[in-house]
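# Working through the structure, step by step
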Amino acid sequence: MKVAIVHDWLVNYGGAERVVEAMLSIYPDADIYTLVYDEKKMGKTFPKEKVHTSFLQRMPKATKLYTKFLSFMPKAFESFDLTGYDLVLCSSSCCAKGVITSPNTAHVAYIHSPMRYAWDLFYSYKKSSGKLTRFFMDKWIPQIRLWDFVSSQRIDTLIANSSYISRRIKKCWNREAAVIYPPVDTDRLSANGKEAEDFYVVFSRFVPYKRIDLAISACGEMKRKLVVIGGGSQEKELKELSQNYKDADIIFTGRISDEEVKDYLQRCKALIFCAEEDFGIIPVEAQACGRPVIAFGKGGALETVIDEKTGVFFKEQTVPCVKNAIEKFETLYAQNAFKVEEIVKHAKTFSTSRFCEQLKSCIDKTIENTK
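Residues numbered from 1 in each chain as written. Predicted model: local features only at pLDDT ≥ 70, side-chain atom pairs only at ≥ 80, totals over all residues. Heavy atoms only, no water.

### Quick look at the sheet that holds strand β6 (residues 157–160)
Backbone hydrogen bonds are what pair the strands of a sheet, in a parallel or an antiparallel way. The seven strands are arranged β3-β2-β1-β4-β5-β6-β7 in an open sheet whose pairing can be described as parallel. Two strands bound the open sheet, and with one partner strand each, they are β3 (51–53) and β7 (178–179). One ladder, built from six bridges, connects strand β4 (residues 87–92) with strand β5 (residues 106–111); its direction is parallel. Pairing of Cys90 across the sheet is with Ala109, part of β5. Where helix α7 (residues 163–173) meets the sheet, its contacts fall on β5, β6 and β7, and the angle it forms with β6 comes to roughly 135 degrees. (Pairing = 2+ DSSP bridges. Helix = DSSP H or I, 4+ residues; strand = E, 2+ residues; numbered from the N terminus. Contact = heavy atoms within 4.5 Å. Axes fitted to C-alpha atoms, helices over the stretch in contact; angles between N-to-C directions.)

Structure, rendered in structure tokens:
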């Protein structure tokens, strides 16, 4: 069987790229089609000889400026000639799912999210953008939105990465989608069998929607030790915020190795997760290490964290709500409410092997229906 895997772009390794890697483990001989490709960063995981890029790869600084090419992306993905493939498997949060396939080709799309900036988050993005960007958003997004809807109708099977995203797919595209949670490398992670130490962890990219500021302010005001792992555009701003809490022990590690992250997750009291995510892999990774999660109770976290068993929720993205959740967590923690074995067992339900098994089953049904 000849298989093509289509992904939005291959420039950094993250949760979406783990999905592509898992897809390749099912179909190791598959070709990969993508908008742009950074061989230096991605070559070890996705060898150059397997990757086919769009005409946008030839643009100057394409691997850095690719997000600026949104108006050209539909044409770029539709330009891929996928004639002769028996299966086209897409991994998409933008335009990858819009490739054109023949009637005899099974077309399955794994959707991380419909384009946020074209649909429900359009107004938020527009509000935070400059005057020139707002002008082009008003000019181009209505056409992008129309293409996004039309292209979604030619997919044989849609798969959402969470029930939360399944609802967004129904709202934006009026299509039903099966739910298969993305793969988490739970085999690499484990509880170390030791008592938790008295500190909390935040592990994230430093970008505004992650709301790391909430964890810093809450722990700062409560004088709790907090280890902040990661880096990004907000680094300077977040470090300046932490300086307001001289009596609190707030440590920035920067970007560290997977083994170092694992060590912090195994030793922490809990992970604090303040973002509204489509799924959110990091809370599952913390649970795989046997540690509970203090999470914002919206989006994917509602599907990965069990309230008062593997963590606790806060209802609003405000400092007082985070502080109340920490207090609730500490009360339950003192009562031994969070059992390491149960937390780890729950995390294992999001394993890579489970993802591959469910995805393969869904694909096989689609192929059977296209015969």
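Moving on from the model shown.
### Regarding the nonpolar core
The biggest cluster of nonpolar side chains holds 42 residues, and the ones touching the most others in it are Val6, Leu35, Leu82 and Met115. Among the elements that make up this core, the one with the highest residue count is α7 (five residues). (Core = buried A, V, L, I, M, F, W, Y, C linked by side-chain atoms within 4.5 Å. Buried < 20%, exposed > 50% of the residue type's maximum accessible area, 1.4 Å probe, protein only.)

### Some thoughts on the packing of aromatic side chains
Under the counting rule described, the total for this entry stands at 14 aromatic pairs. Every member of this aromatic cluster is reached through a ring pair, and the members are Tyr33, Phe77, Phe80 and Tyr85. Here Lys2 stacks its cationic end above the ring of Tyr85, 4.7 Å away from the centre of that ring. (Phe/Tyr/Trp six-rings, centres within 6.5 Å; stacked < 30°, edge-to-face > 60°. Lys NZ or Arg CZ within 6 Å of the ring centre and 35° of its normal.)

### Considerations on the packing of helix α11 (residues 281–288) against helix α14 (residues 340–348)
Their axes nearest at 7 Å, the elements α11 and α14 cross at an angle of 135 degrees. Classed by the angle they form, the pair α11 and α14 counts as oblique. α11 and α14 meet at a crossing whose hand is left-handed. On the side of α11, the interface is formed by Val284, Gln287 and Ala288, while α14 contributes Ile343, Val344, His346 and Ala347. (Parallel < 35°, antiparallel > 145°, perpendicular 65-115°, else oblique. Left-handed = near helix turned anticlockwise from the far one by under 90°.)

### Some thoughts on empty space enclosed by the protein
Applying the stated rule across the entire model yields one cavity of 30 Å³ or more. When its volume is computed, the largest cavity comes out at roughly 70 Å³. Lining the largest cavity are Val202, Phe203, Ser204, Lys210, Arg211, Ile212, Ile272, Phe273, Cys274 and Ala275. Counting residues per element, the ones that place at least two in the lining of the largest cavity are β8 (200–203) and β11 (270–273). (1 Å grid on protein atoms, 1.4 Å probe; cavity = no way out; pocket = protein on both sides within 12 Å on 5 of 7 lines; lining within 4 Å. Points joined across faces, edges and corners; volume = space filled by probe spheres on them.)

### Description of the pattern of salt bridges
According to the stated counting rule, one finds 19 salt bridges in the structure shown. Glu176 is the partner of Lys170 in a salt bridge, and the nearest nitrogen-oxygen pair spans 3.1 Å. Its relative accessible area of 36% is what places Lys170 among the partly exposed residues. Residue classification places Glu176 among the exposed positions, given a relative accessible area of 59%. (Salt bridge = Lys/Arg side-chain N within 4 Å of Asp/Glu carboxyl O.)

### Re the packing of helix α8 (residues 212–222) against helix α13 (residues 319–334)
It is the contact of α8 with α13, at a shortest axis distance of 9 Å, that shows an interaxial angle of 60 degrees. The orientation of α8 relative to α13 falls into the category oblique. For the element pair α8 and α13, the recorded crossing hand is right-handed. Seen from α8, the contacting residues are Leu214, Ser217, Ala218, Cys219, Glu221 and Met222; seen from α13, they are Val319, Val322, Lys323, Ile326 and Glu327. Tallied by class, residues from the contact of α8 with α13 come to seven nonpolar, one polar and three charged. (Nonpolar A, V, L, I, M, F, W, Y, C, P; charged D, E, K, R; others polar.)

### Considering the side chain of Ser242
Tracing the backbone through its elements, the reader meets Ser242 in helix α9 (residues 235–242). One polar contact links the side chain of Ser242 to the main-chain carbonyl oxygen of Lys239, over a distance of 2.6 Å. Setting aside residues up to four positions removed in sequence, Ser242 forms contacts with Ile216, Ile250 and Phe252. (Polar contact = N/O pair within 3.5 Å; in protein donor to acceptor, adjacent residues only side chain to side chain.)

### Side note on α8
Judged by how many residues are buried, α8 sits mostly within the fold: ten of eleven residues are covered. Residues Ile212, Asp213, Leu214, Ala215, Ile216, Ser217, Ala218, Cys219, Gly220 and Met222 constitute the buried set of α8. If you follow the buried residues of α8, they end up packed against β8, β9 (226–229), α9, β10 (250–254), β11 and α13. Positive phi appears at Lys223, one or two residues downstream of α8, with a value of about 60 degrees.

### Topic: a nonpolar patch on the surface
A surface patch of nonpolar side chains, amounting to about 270 Å² of accessible area, comprises Leu146, Phe149 and Val150. Note that Val150 resides in helix α6 (residues 131–152). Residue classification places Val150 among the partly exposed positions, given a relative accessible area of 45%. (Patch = residues over 30% accessible without salt bridge, like charges linked within 9 Å, V, L, I, M, F, W, Y side chains within 5 Å. Areas by Shrake-Rupley, 256 points an atom, 1.4 Å probe, with all protein chains shown as cover.)

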